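Each chain, letter by letter, is given below.
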Amino acid sequence: MEPSIQPSAVMLPRIGEKAPAFKVVTTQGEIDFPKQYEGSWVILFSHPADFTPVCTSEFMTFASMEDQFAKANCKLVGLSVDGLYSHIAWLRTIKEKIEYKGMKNVEVKFPLIEDITMEVAKRYGMIQPGESSTKAVRAVFVIDPKGVIRTIIYYPLSLGRNFDELYRVILALQTADAFSVATPADWRPGDDVIVPTAGSCGVAKERMDNKKDMTCYDWFFCTKKLPKETVLSTVLKK
Ligand code: BEZ
């Protein structure tokens, strides 16, 4: 009997692993990825095609938030399987002609990779033939300052991303790293954070007895306060 899941030819990147390296041409010159981003968080994201409406709305939104991401030490890198001249023409059209939801004259300053050979898109699993074999889906890879993949999100062609959520992801990952905590559903800076699960019954009992600054709903589920100012002063550059 045929296996129901066919093995993929390349090993796709996974959370916790080093981001696959590549050297490419972009609208901002050549980049050596992820090497030249060491020390910064980076969002590598793909879009299906230049000169398409959902992608245009996404680029305008992301470009408008670039400074906000930069303050959280996060750089943006886009990719599609279009060529460089198409990228340049599309970004120029966006700047010169498109006014959308109060955004106008939007200049996309972050690099947009040309990937006509689909080499990078295939390596990162951005080509998902059930959706399209000629276009990348809307993939998002969040990579930390050491070049490790920390979050992967995929959207289909028809669904524009929520960039507030991507910003929340950047803040949440940095908060988890800085304070050795986890972040619960829908967490935003200022909300309580989760204290990691106790490793043994002894620690669990001590934890229940010694709640001090924690709220414990049971031995495995304790939260504590982490003020918004503490989070933002840690994560955001002055
Ligand atoms: C869009 O960005 O509008 C789009 C791109 C490819 C397929 C469908 C929609």
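Above this text is the structure in question.
Here we summarise the structure given alongside this text. Every value quoted in this text rests on a predicted model; they were computed, and no experiment measured them.

### Structural notes on the pairing of strand β4 (residues 74–80)
Burial within β4 is extensive, with six of its seven residues counted as buried. As paired strands, strand β3 (residues 41–46) and β4 are joined by six bridges and run parallel to one another. Residue pairing across strands places Phe-45 opposite Gly-78, the latter belonging to β4. For β4 and strand β5 (residues 112–114), the ladder comprises three bridges, and the chain directions are parallel. Bridge pairing in β5 places Leu-79 opposite Ile-113.

### Here we look at the state of the cysteines
This structure, assessed with the given rule, holds one disulfide. One disulfide in the model links Cys-216 with Cys-222; its S-S distance is 2.0 Å. On the S-S bond that ties Cys-216 to Cys-222, the torsion sits near 110°, and the link is right-handed. For Cys-216, a relative accessible area of 12% puts it in the buried group.

### Digging into the pattern of salt bridges
Throughout the structure, instances matching the rule amount to seven salt bridges. Here Arg-161 and Glu-58 are joined by a salt bridge, their closest N and O atoms 2.6 Å apart. Taken together, the residues Arg-161 in the loop between β7 (149–155) and α5 (163–179) and Glu-58 in helix α1 (residues 53–64) connect sequence positions 103 residues apart. The same class applies to Arg-161 and to Glu-58, which are both buried. A salt bridge links Asp-177 to Arg-150; its shortest N-O distance comes to 2.8 Å.

### A look at the sheet that holds strand β8 (residues 193–195)
The antiparallel open sheet is built from three strands, whose spatial order is β8-β10-β9. A single partner strand is all that each edge strand has here, and the edge strands are β8 and β9 (214–218). Strand after strand, the sheet turns through a mean of 35° between neighbouring axes, direction not considered. Summarising the sheet, β9 and strand β10 (residues 221–224) pair through four bridges and their orientation is antiparallel. Bridging across to β10, Cys-216 finds its partner in Cys-222.

Calculation criteria
Residues numbered from 1 in each chain as written. Predicted model: local features only at pLDDT ≥ 70, side-chain atom pairs only at ≥ 80, totals over all residues. Heavy atoms only, no water. Buried < 20%, exposed > 50% of the residue type's maximum accessible area, 1.4 Å probe, protein only. Helix = DSSP H or I, 4+ residues; strand = E, 2+ residues; numbered from the N terminus. Pairing = 2+ DSSP bridges. Disulfide = S-S within 2.5 Å. Salt bridge = Lys/Arg side-chain N within 4 Å of Asp/Glu carboxyl O. Axes fitted to C-alpha atoms, helices over the stretch in contact; angles between N-to-C directions.

This is a description of form; function is not addressed.
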